[in-house]
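Chain residues, written in single-letter form:
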Amino acid sequence: MLAVVPPPVTVRAPAKVNLHLAVGDARDDGYHELATIFQALSLTDEVTVSVADEPGLDVTGEGADTVPLDSSNLAWRAARALAEHVGRDPDHLKVRIDIRKSIPVAGGMAGGSADAAATLVGLVNLWRLEMGRDELSGVAATLGSDIPFSLHGGYALGTGRGERLVPVLSRHTFHWVIALASRGLSTPDVFAELDRLRREGSPPRVGGVEPVLEALSSGDPLQLALLLGNDLQAAAVSLRPALRRTLRAGVNAGAVAGMISGSGPSCAFLCTDGDSAVRVAAELSGVGVCRTVRVAHGPVPGARVVSSEDSPRPTPPQVHA
Ligand SMILES: C[C@@](CO)(OP(=O)(O)O)[C@H](O)COP(=O)(O)OP(=O)(O)OC[C@H]1O[C@@H](n2ccc(N)nc2=O)[C@H](O)[C@@H]1O
Ligand SMILES: Nc1ncnc2c1ncn2[C@@H]1O[C@H](COP(=O)(O)OP(=O)(O)O)[C@@H](O)[C@H]1O
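All of these numbers come straight from a predicted model, not from anything done at the bench. (Residues numbered from 1 in each chain as written. Chains lettered and ligands numbered in written order. Predicted model: local features only at pLDDT ≥ 70, side-chain atom pairs only at ≥ 80, totals over all residues. Heavy atoms only, no water.)

Asker: Sorry if this is basic, but what is going on with the sheet that holds strand β11 (residues 267–271) here?
Answerer: Sheet strands associate in pairs through backbone hydrogen bonding, adopting either a parallel or an antiparallel arrangement. Strand order in this open sheet of four strands is β10-β11-β8-β12, and the pairing throughout is antiparallel. The strands lining the two open edges of the sheet, one partner per strand, are β10 (257–260) and β12 (292–298). Each adjacent strand pair in this sheet contributes to an overall mean axis angle of 25°, direction not counted. The pairing of β10 with β11 spans four bridges and is classified as antiparallel. By the bridge assignment for β11, G258 is matched with F269. (Pairing = 2+ DSSP bridges. Helix = DSSP H or I, 4+ residues; strand = E, 2+ residues; numbered from the N terminus. Axes fitted to C-alpha atoms, helices over the stretch in contact; angles between N-to-C directions.)

Asker: What am I meant to see in the side chain of R161 here?
Answerer: With respect to the helices and strands, R161 occurs in the loop between β6 (155–159) and β7 (164–167). Within the local environment of R161, its side chain forms a polar contact with the backbone oxygen of A141, the two atoms lying 2.6 Å apart. Those residues within four positions of R161 in sequence are excluded, and the remaining contacts are R27, Y31, H32, L34, A141, G144 and S145. (Polar contact = N/O pair within 3.5 Å; in protein donor to acceptor, adjacent residues only side chain to side chain. Contact = heavy atoms within 4.5 Å.)

Asker: What is the right way to look at the pairing of β6 in this model?
Answerer: Of all five residues making up β6, four are buried, and the element is well covered by its neighbours. Where β6 lies against β7, four bridges are found, and the strand directions are antiparallel. Within the sheet, the bridge partner assigned to L157 lies in β7 and is V166. The antiparallel hairpin formed by β6 and β7 contains four residues in its connecting segment, where G160 sits at a positive phi of about 70°. (Buried < 20%, exposed > 50% of the residue type's maximum accessible area, 1.4 Å probe, protein only.)

Asker: Whenever I open this one, the UniProt feature "domain: GHMP kinase C-terminal" (unreviewed entry) in the protein confuses me. Can you help?
Answerer: Taken from the UniProt record, the annotation "domain: GHMP kinase C-terminal" (unreviewed entry) applies to residues 213–286. Secondary structure over residues 213–286 splits into 54% helix and 15% strand, and the C-alpha atoms at its two ends are 34 Å apart. (UniProt positions renumbered as here; feature names shortened; annotations may be inferred.)

Asker: When you look at the site of ligand 1 in this model, what are you seeing that I'm missing?
Answerer: In the vicinity of ligand 1, 20 residues are found, and the nearest of them are H32, S145, D146, T187 and S263. Within the backbone of A110, a nitrogen or oxygen atom sits 3.4 Å from an oxygen atom of ligand 1. Measuring from an oxygen atom of ligand 1, one finds a backbone N or O atom of S263 at 2.7 Å. Protein coverage of the free-state accessible area of ligand 1, which is 700 Å², stands at 84%. Its atoms largely coinciding with the cavity grid, ligand 1 occupies the largest pocket. Its residues assigned to classes, the shell around ligand 1 comprises eight nonpolar, nine polar and three charged. In terms of domain composition, the shell around ligand 1 takes at least three residues from each of domain 1 (3–169) and domain 2 (174–298). (Near = heavy atom within 4 Å. Areas by Shrake-Rupley, 256 points an atom, 1.4 Å probe, with all protein chains shown as cover. 1 Å grid on protein atoms, 1.4 Å probe; cavity = no way out; pocket = protein on both sides within 12 Å on 5 of 7 lines; lining within 4 Å. Sits in = over half its atoms within 2 Å of the grid points. Nonpolar A, V, L, I, M, F, W, Y, C, P; charged D, E, K, R; others polar. Domains from an automatic or database assignment.)

Asker: Whenever I open this one, the pattern of salt bridges confuses me. Can you help?
Answerer: In total, this model carries 13 salt bridges according to the counting rule given. D231 is paired through a salt bridge with R198; the nearest N and O atoms lie 3.4 Å apart. One end of the pair, D231, is in the loop between β9 (229–230) and α8 (233–239); the other, R198, is in helix α5 (residues 187–200), with 33 residues separating them in the sequence. Owing to a relative accessible area of 17%, R198 belongs among the buried residues under this scheme. What emerges from the salt-bridge pattern is a single network uniting R12, E46 and R100. (Salt bridge = Lys/Arg side-chain N within 4 Å of Asp/Glu carboxyl O.)

Asker: Is there a simple way to think about the site of ligand 2 in this case?
Answerer: Near ligand 2 lie 18 residues; those nearest to it are L74, A106, G108, A110 and G112. One nitrogen or oxygen atom from the main chain of G107 is found 3.4 Å from an oxygen atom belonging to ligand 2. Take T187: an N or O atom from its side chain is 3.2 Å from an oxygen atom of ligand 2. Put simply, ligand 2 lies in the largest pocket. If one sorts the elements of the shell around ligand 2 by residue count, helix α2 (residues 111–126) sits on top with three residues.

Structure representation (structure tokens):
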């Protein structure tokens, strides 16, 4: 009998920036209560999942040499979690996962979360599962706080440890320059540094989310520039003091505001429009305060199957005897 092997599925998933990141106290489970406004950015990773006799994982692109290729890879963990959820044997996954990274690793931009979200969406399609977004988001939340947003995309208000999402209804696009660092920062280390700073003093705290939501609905980058805020910024800068220079250089280059993205060390610079972002990127890349720069805009959709025409490796359906 002939068994039809489904064709590989390629999924694109976005990076994120936290336009507003309010961090509360540490909870008993070690996580911190957050109130954050996420925006999904046009900086994306692509993940192809395919049926394979031997399971496998490969990572290429931005920071690939620093990404684990074993079972600790978030994409692989996502595949196992989904398999368990739908009653497949997670120890015998006949799946190959190929990740092409553009999102910096350990950069505060949810790159691993994007890969996990893309893997979930890819496998739902490859395995032809009937699963709603809410059910998939529940699986995602067990793997990492940012992964539900990587599925969701657009804008969202995140609470809890960041995994509880409410959509934010704004379609206005904002333009960014992202400065990438040579080395990443560990998210737990940055939260721990914030706890330490708070024990010793009073690092600045962001205000409420309401004014930021209003700025998003106005679409005015100058209004938003005044309201961007990140409680983790002081901690990231404390662990990596050179980031102060990077933040200053972006504003000197013409950005209307600069901030640490999430737990850092990537710096996100808000620009008035796309042309301005290109000019700021060109100037910033010559100053020597970061490894490289990227221009990005948001919001963009969450993890989505890329049509086969766009896929870098379109493969026709295979038939195995
Ligand atoms: C800070 C944020 C802001 O969006 O993103 P990044 O900047 O890392 O991308 C997120 O809260 C990161 O989310 P994510 O990277 O998924 O973190 P998780 O895997 O869930 O947690 C990693 C570790 O970070 C700390 N953590 C994370 C989330 C949270 N609300 N409180 C925490 O204290 C905990 O030490 C936890 O063990
Ligand atoms: N698919 C993946 N891509 C990137 N990092 C991964 C992946 N899987 C596991 N990791 C690990 O997760 C850590 C956090 O990576 P990442 O999600 O890129 O950063 P951040 O939490 O700052 O957004 C990395 O140090 C890396 O060791």
